[in-house]
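Architecture and fold: a report
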Amino acid sequence: MTEKDAIIISTVLGAVVLAFVLVLCRPFSWGSDTEVAVSGGAANASPGAVSGGTIVGGTVSGGVIGAAGGEIIYDQGMTLEARVNPPAGYERVKVGKNSFGSFLRGYKLKKAGAKVKLYNGKNKQNQDAHAAVFKLPIEKEDLQQCADSVIRMYAEYFWETGQYDRISFQFADGFQADYTKWREGYRIRVAQSTSWVTGGSYDDSYENFKKYLRMVFAYSSTLSLDRESKKIRLTGVRAGDIFIQGGSPGHVVMVVDVCEDAAGKKAFLLAQGFMPAQQFQLLKNPAHEQDGDPWYYEDEIRYPLQTPEYSFKKGSLKRPGYLNK
C-alpha cells in the first residue's frame, strides 16, 4: 500500500465515523433551544405550533423533534388558542381583533385535566366527553344548560365589548327579552302572555346583568334558539355557528374555532353545555379520540354527525341572528 492509498483510506474512514457520530447525537442537539415563532403561548400550525413542548411534525411538544401526527393539545396553554393547535397542514382562519372568533380564541380555560362540574359543585357523571373546560361562569341553579350556555357565551361577548343593544334573546313563547330594557329598570312578567312591567331603577351592574340572564335561561330553550337561527353551508362555517336540534329535549353545540388547509378545506372545534346545568366544555371528536385530536374535519363530516353525547341530523348547522346584527 502506498502512502497516498493510506491517506485516502484514513480520510474515508474518518468521514464515515464523523457522520455516524452526528446521526447518534442529533436528537440530543435539538430541543428546548430550538427557536420557534410563538403567538399567544402557542405557535400557529406550521411551522412551530406548540404542543406539550415537543416539536412534532413542525409542532412543538417537549423539546424533542418527533414524527408528524403528534399531540395537538398543549397542556400548559390557558386559552383556547394556546391550548389547542391546528392540525398539521392547517392554519387558523383570520378573525377580526374584536370579533366573536377572537373572543373565543382568547377565552380562558381551566387547567388541563380539569373535570366538568355541575351547577351544584358535583362532578358530571361522564368525564370522557371533553378535551378542556372553559372558565365561563355558571350559576348555582339548574338553569344554564345547553342552549343557555351558548346564549351566555354570546351575551358575555356583547357585554365585554360594550354592545349592549345586541344582548337580546327570545323566550320559548316568542317574547323578545332585551337587556337594555331590563337595564332601564323594567322587569318581565310571565303569565298567560309575557310582558314588560315597571319594577326598578336603572342598573348597569354585572350582578343585574346576571339576573337578566337567569330570566333568559329560565324561559329560553333550544326551540327558541333554533327559531332565531338560519341554516348555513358547512363550507362557510365560522366561530359562533351552531349545530342544533330544537326540541324537548333537544341539544346544541357551538363552533368555537375554525382552521383551514391550503385548499380551503376547514376543520373546527365544538363546545357545549348540557343537562343538568354544567360547565361549558370543549368536546372531543369521537372519530379521532385515539389520536387526541378534537378537530372535526370538513371532508369527514357525515350525518348524523356524532359528537360525544349527541347526534345531529343533516341541516342542523345554523347561524344565530345575533352574529349578523
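Everything numeric in this text was worked out from a predicted model, so none of it was measured. (Residues numbered from 1 in each chain as written. Predicted model: local features only at pLDDT ≥ 70, side-chain atom pairs only at ≥ 80, totals over all residues. Heavy atoms only, no water.)

**Section: the overall build of the protein**
Quick reminder of the rule: A run of H or I in DSSP counts as a helix once it spans at least four residues, and a run of E counts as a strand once it spans at least two, with each numbered from the N terminus. The criterion used for residue contact is that any of the two residues' heavy atoms lie within 4.5 Å.
Within the protein, the regular secondary structure consists of seven helices and 17 strands. Nonlocal contacts in the protein, meaning residues at least 24 apart in sequence, comprise 58% of its contacts between residues at least 6 apart.

**Comments concerning the side chain of Ser229**
Residue position: Ser229 is located in strand β9 (residues 229-231). For Ser229, the residues in contact, after removing those within four places along its chain, are Ile242, Lys318, Arg319, Pro320 and Gly321.

**Concerning the pairing of strand β12 (residues 266-272)**
Selection criterion: Only protein chains enter the accessibility calculation, which uses a 1.4 Å probe; a residue is then buried when its area is under 20% of its type maximum, exposed when over 50%, and partly exposed in between. Strand pairing is assigned whenever DSSP identifies at least 2 bridges connecting the two strands.
The element β12 is largely enclosed, with a buried count of seven among its seven residues. Here β12 shows two buried faces, one formed by Lys266, Phe268, Leu270 and Gln272 and the other by Ala267, Leu269 and Ala271. Here strand β11 (residues 251-261) hands over to β12 after four residues, with Gly264 in that stretch at a positive phi of 85 degrees. The pairing of β12 with strand β14 (residues 296-297) spans two bridges and is antiparallel. In the strand pairing of β14, Ala267 is matched with Tyr297.

**Regarding the confidence of the model for the protein**
Stated formally: Per-residue confidence from the prediction method is given by pLDDT, with values spanning 0 to 100.
Per-chain confidence: the protein averages 83 in pLDDT, with 78% of residues scoring 70 or above. In this model residues 1-69 is a low-confidence stretch, pLDDT under 50, and it forms 91 contacts with partners more than four residues away in sequence or in other chains.

**Topic: the packing of aromatic side chains**
To keep things clear, this is the line we draw: Note on aromatic contacts: the rings of Phe and Tyr and the six-membered ring of Trp form a pair at centre separations within 6.5 Å, being stacked when their planes are under 30 degrees apart, edge-to-face when over 60 apart, and tilted otherwise. Any Lys NZ or Arg CZ that is within 6 Å of a ring centre and within 35 degrees of that ring's normal is treated as a charge sitting over the ring.
Inspection of the entire model under this criterion finds 27 aromatic pairs. Ring centres of Phe243 and Phe312 lie 6.2 Å apart, and the angle between their planes is 50 degrees; this geometry places the pair in the tilted category. With Phe243 in strand β10 (residues 242-245) and Phe312 in strand β16 (residues 310-312), this pair connects stretches of sequence that are 69 residues apart. Note on Phe243: relative accessible area 0%, which makes it buried. Members of the aromatic cluster, joined through ring pairs, are Phe100, Phe103, Tyr107, Phe134, Tyr154, Tyr157, Phe158, Phe169, Phe280 and Tyr322. Of note, Lys181 hangs over the ring of Tyr186, and the distance from its end group to the ring centre comes to 4.0 Å. Across the ring face of Trp182, the terminal group of Arg187 is positioned such that the distance to the ring centre comes to 4.1 Å.

**Notes on the environment of Asp165**
Residue placement: Asp165 occurs in the loop between α4 (146-160) and β5 (168-170). By relative accessible area, Asp165 is classed as exposed at 64%. Taking the C-alpha atoms as reference points, Asp165 and Lys181, 16 residues apart in sequence, are found 9.3 Å from one another.

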